[in-house]
Amino acid sequence: MEHYHDPKVDKIAELILQSRRLTFFTGAGISTESGIPDFRGPDGIWKRFDPDDFTYERFLNDAEARCKQWRLFRELGADAVPNKAHIAIAELYHLGKLDCVITQNIDNLHQKAGVPYKRVLELHGNLHWFICLNCSRRYTLEHIKDKAGENEAPPICEECGGLLKADVVFFGEELPEDILREAMKRACTCDLMIVIGSGLTVYPASYLPAYAVDSGSRLVIINLTPTPFDAQASIVIHAKAGDTMSAIAGQVKDRLMYK
Ligand code: NAD
């Protein structure tokens, strides 16, 4: 395996074994190997879509923007499956080595990999659910994904014809306060935070690694490209998340077995 003999992998495994409160912080880059593009990478979503079309204001008032939003949501919610990095994190949970995953992602892949729902703090919501703004009825994406209207208009509520809003945070919307508060608490009380696949440029989410470091936690960053927080990290690996994380989880498992 590509990174198995990388001394940094050994060191991260060691930090995980020593850790009593391990928190992961994940971004779009952990899911690119599942076929879901990130926002700003070379094949990023913002090369094909205009971020200005993804404001809450346009969702409410602009039928054309709603069609574009629906096109992207359907694409992101298509049948992606967890990759080696999601699976490695779930393995660490089963080994008793995970406090929680704080994620910027909306793709449900940590849960699909086997991390229990209550251990995943979703800062930007989850694309699995859509909610009628009029009568609050909830639908799964699975239920509505083939029910688009004319000219690819997004489906409307089957009960009352109201607008269906993806249960995700649009630009211009507040982050869910209770989840943000809990994430801040976890970031301030962990002793090891591992960031995977985030450029750490989207705020307020990206303050969390800083809270962790300021509270005395170690920080590890696994990201293809440099981030503004690299200088604050104990270990930085610029490589793909999948191979790196399975090498790390493999080391942890081996060392626990031969302890
Ligand atoms: P980003 O697009 O700004 O950055 C992604 C980072 O991941 C980049 O720095 C890139 O170098 C790195 N990366 C890409 N592939 C990688 C790989 N295989 N291994 C390791 N690193 C890799 O994304 P972000 O910082 O997470 O924030 C942008 C916003 O994107 C978030 O708010 C999130 O809600 C949203 N988003 C989510 C999804 C998803 O749910 N899968 C997809 C796209 C965007």
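None of the values given here were measured: they were computed from a predicted structure. (Residues numbered from 1 in each chain as written. Predicted model: local features only at pLDDT ≥ 70, side-chain atom pairs only at ≥ 80, totals over all residues. Heavy atoms only, no water.)

A. Spotlight on the packing of helix 1 (residues 7-18) against helix 9 (residues 241-257). The contact between helix 1 and helix 9 brings their axes to 9 Å, and the two run at 55°. Relative to helix 9, the element helix 1 lies oblique. Two packed elements cross with a definite hand, and for helix 1 against helix 9 that hand is right-handed. Every residue of helix 9 that contacts helix 1 at Val 9, Asp 10, Ile 12, Ala 13, Glu 14, Ile 16 and Leu 17 is listed here: Ala 247, Ile 248, Gln 251, Val 252, Arg 255 and Leu 256. In terms of residue class, the contact of helix 1 with helix 9 is built from 9 nonpolar, 1 polar and 3 charged. (Axes fitted to C-alpha atoms, helices over the stretch in contact; angles between N-to-C directions. Helix = DSSP H or I, 4+ residues; strand = E, 2+ residues; numbered from the N terminus. Parallel < 35°, antiparallel > 145°, perpendicular 65-115°, else oblique. Left-handed = near helix turned anticlockwise from the far one by under 90°. Contact = heavy atoms within 4.5 Å. Nonpolar A, V, L, I, M, F, W, Y, C, P; charged D, E, K, R; others polar.)

B. Region of the structure containing a nonpolar patch on the surface. Among the surface-exposed residues, Met 184, Tyr 203, Tyr 207 and Tyr 211 lie close enough to one another that they form a single nonpolar patch of about 370 Å² accessible area. In this fold, Met 184 is placed in helix 7 (residues 177-189). (Patch = residues over 30% accessible without salt bridge, like charges linked within 9 Å, V, L, I, M, F, W, Y side chains within 5 Å. Areas by Shrake-Rupley, 256 points an atom, 1.4 Å probe, with all protein chains shown as cover. Salt bridge = Lys/Arg side-chain N within 4 Å of Asp/Glu carboxyl O.)

C. Structural view of the site of the ligand. Around the ligand, the structure places 27 residues, and the nearest of them are Ala 28, Arg 40, Gln 104, Asp 107 and Thr 225. At 2.8 Å from an oxygen atom of the ligand is found a main-chain nitrogen or oxygen belonging to Ile 106. Take Thr 225: an N or O atom from its side chain is 2.7 Å from an oxygen atom of the ligand. Calculation on the ligand without its partners gives an accessible area of 850 Å², and the protein chains cover 93% of this total. Here the shell around the ligand is built from residues that sort into 10 nonpolar, 12 polar and 5 charged. A domain-level breakdown of the shell around the ligand finds at least three residues from each of domain 1 (1-35 + 83-124 + 176-259) and domain 2 (37-79 + 125-168). (Near = heavy atom within 4 Å. Polar contact = N/O pair within 3.5 Å; in protein donor to acceptor, adjacent residues only side chain to side chain. Domains from an automatic or database assignment.)

D. Spatial organisation of helix 3 (residues 63-76). Compared with an ideal rise of 1.5 Å per residue, which puts 14 residues at 20 Å, helix 3 spans 20 Å between its outermost C-alpha atoms and is within 8% of the ideal. Here helix 3 has its buried residues at Ala 65, Arg 66, Gln 69, Trp 70, Leu 72, Phe 73 and Leu 76. Each buried residue of helix 3 lies within a common arc of 165° when the element is viewed along its axis, so the set occupies one face. The inward-facing, buried residues of helix 3 abut helix 2 (56-61), strand 4 (125-132), helix 6 (141-144) and strand 6 (164-168). Where helix 3 starts, the residue carrying a side-chain oxygen 3.0 Å from the main-chain nitrogen of Glu 64 turns out to be Asp 62. (Expected span 1.5 Å × (residues − 1). Buried < 20%, exposed > 50% of the residue type's maximum accessible area, 1.4 Å probe, protein only. Arc of directions from axis to C-beta.)

E. Fine view of the environment of Leu 200. Here Leu 200 shows up in the loop between strand 7 (192-196) and helix 8 (208-214). C-alpha of Leu 200 to C-alpha of Val 213: the two residues are 13 residues apart in sequence and 14 Å apart in space. Discounting residues that sit within four places of it in the chain, Leu 200 has contacts with Phe 25, Val 195, Ser 206, Pro 209, Ile 221, Thr 227, Pro 228 and Phe 229.

F. Highlighting the domain arrangement of the chain. Partitioning the chain into domains gives domain 1 (1-35 + 83-124 + 176-259) and domain 2 (37-79 + 125-168). Centre-to-centre, using C-alpha coordinates, domain 1 lies 28 Å away from domain 2. Counting residues at the interface gives 12 residues for domain 1 and 10 residues for domain 2. When domain 1 packs against domain 2, close to 820 Å² is buried across both sides, 51% of that on carbon and sulfur atoms. Inspection of the domain 1/domain 2 interface yields 0 salt bridges. Scanning the region where domain 1 abuts domain 2 turns up 3 residue pairs in polar contact (both at pLDDT 80 or more). (Buried area = accessible area lost by both parts, 1.4 Å probe.)

G. Structural detail: the sheet that holds strand 1 (residues 22-26). Strand order in the open sheet formed by 6 strands is 3-2-1-7-8-9, and the pairing between neighbours is parallel. If you trace the sheet from one side to the other, it starts and ends with strand 3 (120-122) and strand 9 (235-237), each paired once. Averaged over all neighbouring strand pairs, the angle between strand axes comes to 15°, with direction disregarded. When strand 8 (residues 218-222) meets strand 9, the two strands line up parallel, connected through 3 bridges. Following the sheet pairing, Val 220 is matched in strand 9 by Ile 235. Against the sheet, helix 1 touches strand 1, strand 7, strand 8 and strand 9, its axis set at about 130° to strand 9. Against the sheet, helix 7 touches strand 1, strand 2 (100-103), strand 3 and strand 7, its axis set at about 130° to strand 3. (Pairing = 2+ DSSP bridges.)

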